[in-house]
Amino acid sequence: MGKAIVITSGKGGVGKTTAVANIGTGLAMRGFKTALVDTDIGLRNLDLLLGLENRIVYNLVDVVEGRCNLRQALVKDKRLNNLYLLPAAQTKEKEAVSIDQMRSLINELKRDFDFVLIDSPAGIEHGFRSAISGADEAIVITTPEVSSVRDADRVIGLLEANGFGEPRLIVNRVRFDMVKNGEMLGVDDLLEILSIELLGIIPEDENLIISVNKGEPIIYGADKYKSGLAFSLIVKRLLGEDVSWDELEKNETFLERIFKFFRG
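Report on the accompanying structure. (Residues numbered from 1 in each chain as written. Predicted model: local features only at pLDDT ≥ 70, side-chain atom pairs only at ≥ 80, totals over all residues. Heavy atoms only, no water.)

So, on to helix α5 (residues 99-110). Counted at 1.5 Å a residue, the expected span for α5 with its 12 residues is 16 Å, and the 17 Å between its end C-alpha atoms agrees. Listed in full, the buried residues belonging to α5 are Met102, Leu105, Ile106, Leu109 and Lys110. Seen end-on, α5 carries its buried residues on one side only, within an arc spanning 140°. (Helix = DSSP H or I, 4+ residues; strand = E, 2+ residues; numbered from the N terminus. Expected span 1.5 Å × (residues − 1). Buried < 20%, exposed > 50% of the residue type's maximum accessible area, 1.4 Å probe, protein only. Arc of directions from axis to C-beta.)

Quick look at the structure:
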C-alpha cells in the first residue's frame, strides 16, 4: 500500500495546487509512482498546472458514478511515465462525491501507487472533509500573512480533531529581506504560533508565476530557480532526508544581487 497525503489550507490562493503539482512531480522524478487527485470539484485547476488540460476525458465524479473505471480516468503526465492525474469535475457540486466514496477511491489508488497527493479545496466544509477522509498524512500551507496564519491554525485544529496527530507546514511566498527588516512574519514566528513541524519554505519568486502559466512545474528548474530548489528540498524532506533551508537564502541569482546592491 502506498501513502496518501492531503495538502490543504483554510484560505484559498495560498499555493496548494502549485505545491501538489511540484511535489508530485518531484516524487515522480525520484522514481516513485505518483497519483495527483484534484478534489476541488467545480473549480478544476491542477490539470492546467501540469499542462494536461487537453488530455482529460473522464474525471473523479465519472469514476464514483460508474461511467468509467479508475484506470480510464487517470491521465498520464506528458514528461514522466510514473506520474498520473485524476482530475476534478468542472460541472458538479462539491457534494457530488461522498466522504465514503472518496475514502474508497483513495484506498484503491494506494494499492497501485507509492504516493497519492490530494489537492484539497479551500475552506472547511464538505470538500475539505471529503479530501482528508482517505489521507494518511496532512500538509498545511500558509503564507506569512495574519489572515492566512489564522485560517491555517483553524485547519490544524480540525486535522488534529480528525486523527492527524502530526500535520506538517509549508510556508509559501517568503521574502527573506522583509523578514530580516521585521516587515514580514518569520518562519520561526509561524512555527511558534501554530505549534507544528516545518516541512518546507518557498520563497517569493516571479518565475513560479511564469511556470504556472506555462503548465510546467518549476521543480524541473531546481538548478535555476529558488522556488524550484525549494520544492526539491521539500521532496527530500518528505522522503526523510536531511536538508538545510539556508540554501534558499544563499541561492540568489546575479540579477537579484545587482538589484539589492543598487537598492542599498
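Within this structure, the stated rule accounts for 1 cavity of 30 Å³ or more. There is about 30 Å³ of room inside the largest cavity. What lines the largest cavity is Thr18, Ala21, Asn22, Leu49, Ser211, Val212, Glu216, Pro217 and Ile218. Sorting the residues of the lining of the largest cavity by element identifies α1 (16-29) and α10 (206-214) as the ones contributing at least two each. When residues of the lining of the largest cavity are assigned to their parent elements, the largest contribution, 3 residues, is made by α1. Its residues assigned to classes, the lining of the largest cavity comprises 5 nonpolar, 3 polar and 1 charged. (1 Å grid on protein atoms, 1.4 Å probe; cavity = no way out; pocket = protein on both sides within 12 Å on 5 of 7 lines; lining within 4 Å. Points joined across faces, edges and corners; volume = space filled by probe spheres on them. Nonpolar A, V, L, I, M, F, W, Y, C, P; charged D, E, K, R; others polar.)

With that out of the way, let us pick up the packing of aromatic side chains. This model, assessed by the stated rule, comprises 2 aromatic pairs. Taken together, a centroid distance of 5.3 Å and an interplanar angle of 85° make the contact between Phe32 and Phe115 edge-to-face. With Phe32 in the loop between α1 and β2 (34-38) and Phe115 in strand β5 (residues 115-119), the pair connects residues that are 83 residues apart, well separated along the chain. The exposure class of Phe115 is buried, given its relative accessible area of 8%. (Phe/Tyr/Trp six-rings, centres within 6.5 Å; stacked < 30°, edge-to-face > 60°.)

So, about the pattern of salt bridges. Between side chains of opposite charge, a pair can form as their charged atoms come close. Overall, the coordinates contain 10 salt bridges when judged by the stated rule. In this structure, Arg67 and Glu65 form a salt bridge, with 2.6 Å as the shortest nitrogen-oxygen distance. For Arg175, the salt bridge identified is with Asp177, shortest N-O distance 3.2 Å. For Arg175, a relative accessible area of 31% puts it in the partly exposed group. Several salt bridges share partner residues, and in doing so they unite Lys3, Glu137 and Arg168 into one network. (Salt bridge = Lys/Arg side-chain N within 4 Å of Asp/Glu carboxyl O.)

For the rest of this paragraph, the subject is the pairing of strand β4 (residues 83-86). Residue alternation in β4 divides its side chains into two sets, Leu83 and Leu85 and Tyr84 and Leu86, and both sets are buried. In this sheet, β4 lies alongside β2 in parallel orientation, the contact comprising 4 bridges. By the bridge assignment, Leu36 is partnered in β4 with Leu85. With 2 bridges connecting them, strand β3 (residues 75-76) and β4 associate as antiparallel partners. By the bridge assignment for β4, Lys76 is matched with Tyr84. Between β3 and β4, which pair antiparallel in sequence order, lie 6 residues. (Pairing = 2+ DSSP bridges.)

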